[in-house]
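Residue-level listing of the chains:
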Amino acid sequence: MNADTKSLRQMDQSHHLHPFTDLGAYSQKGGRIISKAEHIYIYDSEGNKILDGMSGLWCCNLGYSQNSIAEAVYAQLQELPYYNNFFNCSNQPSLEMAKALVDVTPEQFNHVFFTNSGSEANDTNIRLVHRYYDLVGKPDKKHIISRKNAYHGSTIAGASLSGMDYMHKQFVGLNYIHYINEPNWFADGGELDKNAFGLKVARELEAMIDEVGEDKIAAFIAEPVQGAGGVIIPPDTYWPEIQRICDERDILLIADEVICGFGRTGEWFASESFGIKPDLMTIAKAVTNGYMPLGGVMVGDKVADVLLSSGGDFNHGLTYSGHPASCAAGLATLKILNDSNIIETAKSTIGPHLQTRLAALSDHPIVGEVRGMGMFAAVELVKDKATRERLAPESAAAVICRDSCVASGLMVRATGDAMIMAPPLVCSVEEIDILVDKFAAALDKTADHYKVG
Ligand SMILES: *Cc1c(COP(=O)(O)O)cnc(C)c1O
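Quick caveat, the model's predicted, so the values are computed rather than measured.

### Remarks on the packing of helix α6 (residues 118-135) against helix α13 (residues 301-309)
Interaxial distance between α6 and α13 falls to 10 Å at its minimum, and their mutual angle equals 65 degrees. Regarding α6 and α13, the two cross each other, and that crossing is left-handed. Side by side, α6 and α13 meet where Leu128, Arg131, Tyr132 and Leu135 of the first sit next to Lys302, Val303, Val306 and Leu307 of the second.

### Comments concerning the nonpolar core
Membership of the largest hydrophobic core comes to 66 residues, with the highest contact counts inside it found for Leu101, Phe262, Leu334, Leu358, Leu381 and Phe439. When residues of this core are assigned to their parent elements, the largest contribution, eight residues, is made by helix α17 (residues 429-449). Inspection of this core shows a minimum of three residues originating in each of domain 1 (32-65 + 341-449) and domain 2 (68-339). In contact with Leu101, not counting residues within four places along its chain, are Val112, Phe114, Phe262, Ile283, Val287, Met298 and Leu334. Membership of the second largest hydrophobic core comes to 35 residues, among which are Ile145, Leu253, Ile259 and Ile276.

### A look at the sheet that holds strand β11 (residues 367-373)
Overall, antiparallel pairing links the four strands, which are arranged β11-β12-β15-β14 in an open sheet. Strand pairing shows two members of the sheet lacking a second neighbour, β11 and β14 (413-415), which therefore form its edges. Mean inter-strand twist for the sheet, computed between neighbouring axes without regard to direction, equals 25 degrees. Pairing of β14 with strand β15 (residues 418-421) involves three bridges; the strand directions are antiparallel. Within β15, the residue paired with Arg413 across the bridge is Ile420.

### Here we look at the site of the ligand
Close contacts around the ligand come from Ser117, Gly118, Ser119, Asn122, Tyr151, His152, Gly153, Glu223, Asp256, Val258, Ile259 and Lys285, and that covers them all. Within the side chain of Ser119, a nitrogen or oxygen atom sits 2.5 Å from an oxygen atom of the ligand. Against a free-state accessible area of 380 Å², the protein chains account for coverage of 84% of the ligand. Element by element, the count of residues in the shell around the ligand is highest for α6, at three residues.

### Notes on the domain arrangement of the chain
Each assigned domain of the chain is listed here: domain 1 (32-65 + 341-449) and domain 2 (68-339). Using C-alpha coordinates to define each centre, domain 1 is positioned 26 Å away from domain 2. Counting from both sides, the interface comprises 33 residues of domain 1 and, opposite them, 32 residues of domain 2. Of the roughly 2,800 Å² buried between domain 1 and domain 2 on both sides combined, carbon and sulfur atoms contribute 63%.

Cut-offs applied
Residues numbered from 1 in each chain as written. Predicted model: local features only at pLDDT ≥ 70, side-chain atom pairs only at ≥ 80, totals over all residues. Heavy atoms only, no water. Axes fitted to C-alpha atoms, helices over the stretch in contact; angles between N-to-C directions. Helix = DSSP H or I, 4+ residues; strand = E, 2+ residues; numbered from the N terminus. Left-handed = near helix turned anticlockwise from the far one by under 90°. Contact = heavy atoms within 4.5 Å. Core = buried A, V, L, I, M, F, W, Y, C linked by side-chain atoms within 4.5 Å. Buried < 20%, exposed > 50% of the residue type's maximum accessible area, 1.4 Å probe, protein only. Domains from an automatic or database assignment. Pairing = 2+ DSSP bridges. Near = heavy atom within 4 Å. Polar contact = N/O pair within 3.5 Å; in protein donor to acceptor, adjacent residues only side chain to side chain. Areas by Shrake-Rupley, 256 points an atom, 1.4 Å probe, with all protein chains shown as cover. Buried area = accessible area lost by both parts, 1.4 Å probe.

Structure (structure tokens):
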């Protein structure tokens, strides 16, 4: 380890509490310090070059060399580094970003409320939904249905909306969130075929509405494809059934597109991929290509019309709602997406190449399932393909596989027993080949470790 790395790590271990990290272990062992990035590669302080198969944390969809974004932020900071959007003031980047988002999102969206993150945007969803039902004279509709293994952020509301037990155990969550099962066929499908399973889990929404009472349920929130939960691709039958239930039962549909949005599924938004029409849509992450913090809620006309025609303030906002520099980053990001054919190419060429190459690993002795869509995918590790028995308790095999990938210069993530990846949309065919080759080699090493195959 070089001297610089050593002193940086010492400072880090001594003073820096990291998110979603075993704090004690980290203070002893430290971590990898990422020093620079270029195109689809990150470099650590030791000079290791790593192909970033996760686009940062699902946010750098256009990779790390988008100078126009950096320049737009710098120019904005020189012109107007900050002003708030409270008290009847606005600024040009935020109003232009609002219009630019309306132009690229589905037709029902003509308004946006800005936040700094996906978590805050989901908090905002609750504020919007509660206000909406108060204004339409249904003040008992305050409850929200979410799903087990969902990820909606880590503020109190975000973590409450999330369906992760390991998060719920560590704080007191909101008491008006209810959870139905996720459409995770590989884990829970058993003998059912995918489409029958999709209908079955979708209808849990109806059952939960009946259980709590339609007069109390305000909204259903879901990621079109669960990201952090393990790139769970729902069966084809799932979303149409959810849409039917929301329509019939006077329930607002909130699509959390924080990961799915801005091209990840091969369309601008996954709501388009699945043909659903959400009333509210959460955005963050790739909206600025990860260059600046920005989140928001796209507010559909059904909700916006009520908010706009009511008297009285909407008593919600954040100091940095619509921050000019973040919005400048967002505008530059949307300009790249609008002026290039990156999303089209991801859909027509790069995504199918990634999925085809990964699908070919289905025959690998420790692969139980390969699933994916557009530019993200998951590979389930098993000991026995037929019974789906796992290689080792506590998802240890996935950690071995992940560490093996990183050692070979590929960043992927282990989620439970699934290996997940979401590479930048700007990868070339050759770069996808490098990614899959490195991943396949790590699978071999993992199989060797467990003496399988
Ligand atoms: C990351 C994520 C969030 C939270 O966003 P933050 O910016 O980390 O607060 C919310 N929803 C989904 C689907 C996410 O992946």
